[in-house]
Amino acid sequence: MIREAVKDDLNGLLTLYMQLHDNPFPDINDRINSIWDSIISDPNHHIIVAEEDGMIVSSCVCVIIPNLTRGQRPYAFIENVITDEKWRKKGLATACLNYARDIAVNENCYKMMLLTGSKEQSTLDFYERAGYNKNDKTAFIQWL
């Protein structure tokens, strides 16, 4: 089932995120709960999840960003695309990205963007099959 995350999904999402950049499971404390409450209550912040057998096995984040250009149409930014290694190659990440695209279309976004740090050809091919291209823009990152 593809859906948006709900408040009770925090532990499942954090468990999945442990496979994202060797991210350790954080202590569940007031800080984490405050961040989660902020995300879950923000109408422009969408965490899309794929649930199988009661577990969150794939996810992406779609943030809608208001904009003063392009006819004041917003744009969408995709981040944290992840599928549990045991559930890969089943179309779940594609389904999450398609759900995010539907959100962006419904919000009248004029574009969607995503960045990947992966240099793996299979990952780059996956994003191209999902409708993203690497030719229109050049990304620059400044780590803080």
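All values derive from a computational prediction rather than experimental measurement.

Parameters at a glance
Residues numbered from 1 in each chain as written. Predicted model: local features only at pLDDT ≥ 70, side-chain atom pairs only at ≥ 80, totals over all residues. Heavy atoms only, no water. Pairing = 2+ DSSP bridges. Helix = DSSP H or I, 4+ residues; strand = E, 2+ residues; numbered from the N terminus. Axes fitted to C-alpha atoms, helices over the stretch in contact; angles between N-to-C directions. Patch = residues over 30% accessible without salt bridge, like charges linked within 9 Å, V, L, I, M, F, W, Y side chains within 5 Å. Areas by Shrake-Rupley, 256 points an atom, 1.4 Å probe, with all protein chains shown as cover. Salt bridge = Lys/Arg side-chain N within 4 Å of Asp/Glu carboxyl O. Core = buried A, V, L, I, M, F, W, Y, C linked by side-chain atoms within 4.5 Å. Buried < 20%, exposed > 50% of the residue type's maximum accessible area, 1.4 Å probe, protein only. Contact = heavy atoms within 4.5 Å.

Sheet strands associate in pairs through backbone hydrogen bonding, adopting either a parallel or an antiparallel arrangement. Ordered in space as E1-E2-E3-E4-E5, the five strands form an open sheet in which the pairing is mixed. What marks the edges here is a single partner per strand, and that holds for strand E1 (2-4) and strand E5 (112-114). Shown here is a sheet whose adjacent strand axes are inclined to one another by a mean of 25°, direction ignored.

Here we take up a nonpolar patch on the surface. Side chains of Met 18, Phe 25 and Ile 28 sit close together on the surface and give an oily, nonpolar patch of about 250 Å² of accessible area. Position of Met 18 among the secondary structure elements: in the loop between helix H1 (10-17) and helix H2 (30-41).

Inside soluble globular proteins, nonpolar side chains tend to come together where they are buried. Residues Cys 60, Cys 62, Ile 78 and Leu 97 are the most contacted members of the largest nonpolar core, which totals 23 residues. Only strand E2 (45-52), strand E3 (55-65), strand E4 (75-83), helix H3 (92-106) and helix H4 (121-129) provide two or more residues apiece to this core. Counting residues per element, this core draws most heavily on H3, which supplies seven residues. Excluding residues within four positions of it along the chain, Cys 60 makes contact with His 46, Ile 47, Ile 48, Ile 78, Glu 79, Asn 80, Val 81, Cys 96, Leu 97 and Ala 100.

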